[in-house]
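What follows is each chain in one-letter form.
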Amino acid sequence: MLNAETFITPNRGTNGIIRETNEDFYVEEVPIQLPSGNGPNTWIQIEKNGRTTLDVVLDIAKTLHLSRKRTGFAGMKDRSAITKQWLCISNITPEELGNIEEKLFNVKILDIQRNEKKLRIGQLRGNKFRINIKNTLNPEEDKEIAEEVLESLKITGVPNYYGFQRFGEKRLNTHLVGKYLVEGNVKKAVDTYIGNPSENEFEPIAQARLLYDEGKLQESYELMPKSMRYEKSMVKELILARDKNNHLEEKDYIKAIESLPKPLKRMFVNAYESYLFNKIVNERAKIGINKYLPGDIIINHDERWIHEINENTIQNELDNFNLNPTAPLVGSKVPLAEGKEGEIERKVIEEENILTEDFNCPKTPKLGSFGIRRSIRFKLEDTHVEKTDNGIIVEFFIPKGCYATAVLREIMKKNV
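Residues numbered from 1 in each chain as written. Predicted model: local features only at pLDDT ≥ 70, side-chain atom pairs only at ≥ 80, totals over all residues. Heavy atoms only, no water.

A. Main features of the layout of surface pockets. The volume enclosed by the second largest pocket comes to roughly 210 Å³. Lining the second largest pocket we find Asn3, Glu5, Lys279, Asn282, Glu283, Lys340, Glu343, Ile344, Lys347, Val348 and Glu351. Contributing elements (two or more residues each) for the lining of the second largest pocket: helix 10 (267–285) and helix 12 (339–351). With six residues, the single largest contributor to the lining of the second largest pocket is helix 12. (1 Å grid on protein atoms, 1.4 Å probe; cavity = no way out; pocket = protein on both sides within 12 Å on 5 of 7 lines; lining within 4 Å. Points joined across faces, edges and corners; volume = space filled by probe spheres on them. Helix = DSSP H or I, 4+ residues; strand = E, 2+ residues; numbered from the N terminus.)

Quick look at the structure:
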């Protein structure tokens, strides 16, 4: 996890590895409500292996010759796992889907139901996880250690860090693209996303990125595999603009980044906000994530601010998870805390040499962010640990928007 260095449990780490195979990391999305069986929209429950949610919905839209805007999902799930979740297609009947499963790669259709309402981002309770941690130091002892860590985290809550997948699966650069958009350097943002190969990428991908860095747009485009569909869409825009005007201007780079699907292009600035959030939570974890500090901005279960703090009862409310301290996802309108927490927040922003108003992103205003306050911890429930021959299996439920790796890092005592 980027910027996560502080551990809040004292136990030794189990060490080990996760995600040796996708089967080692199982995620089941828990919806707010199930489809009713009636209505103009069709919900599809899928189990996908080695594919992102966005990849699957784009393939569905392409297969059915529909606009991507007619598809929906509650949570974006990453590639390196087996995940079970509901998708939605608006104004279509189950019969019109045909044998769609046959045309989808590494996707099983588990259920198809009609529903009155569409499915939108955030409409889920949370996620259940079953994760195989292999090659731990001592599986017998590690089972007990994991159980102790999980019990401790049930009391304090888990530091609400954003996981690595927030910043890019193989290249940790999504937040850098966002940083350059905030700074108003759109060309550098586009260059960072398309070019700049990492050491662990396959040769054709790395070579395509190098060709882009060298300004060989057509050669780069032709070498890009299907997995680089987003980069290809951007390079295509740049090639069209260059062929028309014999050079590229800032507006061409803006058009290139605007060519991306809305959920993806919104992630850039959000990732930069997450990067800063992790830095703030890391410093707060040294003091205590389950303690009230004067000047804290407090929210309840519905993420509504508590404007009047009763200092006689606030700690009891925190202990029961009725209320939570917050840190900012920095944006143009988000207020900062006072007191010790406020000092931490202002120091992180100053070290980045940015201003909160920069998040308006005047050159790409649709990608800007007002910011929001987010809980610095989350509640852990339904925990279970099993011993295997070479490690442990851990199970738990966490709320939507939270990362399982924030739990795992406390067990393993390393960032994963």
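B. Up close: unusual backbone geometry. You will see that Arg19, though not glycine, has its phi angle at about 60°, which is positive. By the secondary structure assignment, Arg19 is in the segment before strand 1 (25–31). Assessed through its relative accessible area of 24%, Arg19 is described here as partly exposed. One non-glycine residue, Lys413, lies in the positive phi region at around 60°. Turning to its location among the elements, Lys413 is positioned in the segment after helix 13 (404–412). (Buried < 20%, exposed > 50% of the residue type's maximum accessible area, 1.4 Å probe, protein only.)

C. Spotlight on the pairing of strand 12 (residues 381–388). Taken together, the six bridges between strand 12 and strand 13 (residues 391–399) define a ladder with antiparallel strand orientation. Note on strand 13: the bridge partner recorded for Glu386 is Ile393. Connecting strand 12 to the next strand, strand 13, in antiparallel fashion are two residues. (Pairing = 2+ DSSP bridges.)

D. Structural context of the side chain of Thr42. By the secondary structure assignment, Thr42 is in strand 2 (residues 41–49). A relative accessible area of 0% places Thr42 in the buried class. Among the polar contacts listed, one links the side chain of Thr42 to the backbone oxygen of Ile92, at a separation of 2.6 Å. Apart from the residues lying within four places of it in its own chain, the contact partners of Thr42 are Leu87, Cys88, Ile89, Ile92, Thr93, Pro94, Leu97, Ile112, Gln113 and Arg114. (Polar contact = N/O pair within 3.5 Å; in protein donor to acceptor, adjacent residues only side chain to side chain. Contact = heavy atoms within 4.5 Å.)

E. Geometry of the packing of aromatic side chains. For the structure on display, the rule yields eight aromatic pairs. Their ring planes at 75° and their centres at 5.7 Å tell us that Tyr162 and Phe277 sit as a pair that is edge-to-face. Residue Tyr162 is found in the loop between strand 7 (158–159) and helix 3 (174–183), and its partner Phe277 is found in helix 10; the two are separated by 115 residues along the sequence. Taking 5.7 Å as the distance between ring centres and 65° as the angle between the ring planes, the aromatic pair formed by Tyr162 and Tyr403 counts as edge-to-face. On the criterion of sequence distance, the pair formed by Tyr162 in the loop between strand 7 and helix 3 and Tyr403 in the loop between strand 13 and helix 13 is long-range, its members being 241 residues apart. When its relative accessible area of 4% is taken as the criterion, Tyr162 is described as buried. Ring pairing ties together the aromatic residues Phe25, Phe129 and Phe396, which thus form one cluster. Above the plane of the ring of Phe25 lies Arg19, whose end atom (NZ or CZ) is 3.8 Å from the centre. (Phe/Tyr/Trp six-rings, centres within 6.5 Å; stacked < 30°, edge-to-face > 60°. Lys NZ or Arg CZ within 6 Å of the ring centre and 35° of its normal.)

F. The arrangement of the pattern of salt bridges in detail. One pass over the full model with this rule turns up 35 salt bridges. Lys179 is the partner of Glu352 in a salt bridge, and the nearest nitrogen-oxygen pair spans 3.2 Å. Separated by 173 residues along the polypeptide, Glu352 in the loop between helix 12 and strand 10 (372–375) and Lys179 in helix 3 bring together distant segments of the chain. By relative accessible area, Glu352 is classed as buried at 12%. On the basis of relative accessibility, which here comes to 17%, the residue Lys179 falls in the buried class. The closest approach of N and O atoms between Glu250 and Lys363, which form a salt bridge, is 2.9 Å. With a gap of 113 residues between them, Glu250 in helix 8 (residues 250–258) and Lys363 in the loop between helix 12 and strand 10 connect regions that are remote in the sequence. It is possible to trace a salt-bridge network through shared partners that takes in Arg51, Asp55, Asp59, Arg79 and Arg229. (Salt bridge = Lys/Arg side-chain N within 4 Å of Asp/Glu carboxyl O.)

G. The arrangement of the nonpolar core in detail. If you look at the biggest cluster of nonpolar residues, it comprises 100 residues, and the most contacted ones within it are Ile131, Val394, Phe396, Val407 and Leu408. If you tally residues by element for this core, the top one is helix 10, at 10 residues. Trp43, Trp86, Leu119 and Leu124 belong to the second largest nonpolar core, which has six residues in total. (Core = buried A, V, L, I, M, F, W, Y, C linked by side-chain atoms within 4.5 Å.)

H. Main features of the sheet that holds strand 9 (residues 323–329). Spatially, 8-9-10 is the arrangement adopted by the three strands of the open sheet, whose pairing is antiparallel. Lying at the two open borders of the sheet, with one neighbouring strand each, are strand 8 (298–300) and strand 10. On average, adjacent strands in this sheet sit at an angle of 55° to one another, irrespective of strand direction. With four bridges joining them, strand 9 and strand 10 adopt antiparallel strand pairing. Each bridged residue has a counterpart across the sheet, and for Pro328 the counterpart in strand 10 is Arg373. Against the sheet, helix 10 touches strand 9 and strand 10, its axis set at about 135° to strand 9. Each of strand 9 and strand 10 is contacted by helix 12, which is oriented at about 20° to strand 9, the strand it contacts most. (Axes fitted to C-alpha atoms, helices over the stretch in contact; angles between N-to-C directions.)

I. A look at the pairing of strand 2. Burial analysis of strand 2 places seven of its nine residues in the buried class, the great majority of the element. Taken together, the eight bridges between strand 2 and strand 5 (residues 107–115) define a ladder with antiparallel strand orientation. By the bridge assignment, Thr42 is partnered in strand 5 with Arg114. Sheet topology note: the strand 2/strand 4 (residues 82–89) ladder contains eight bridges and is antiparallel.

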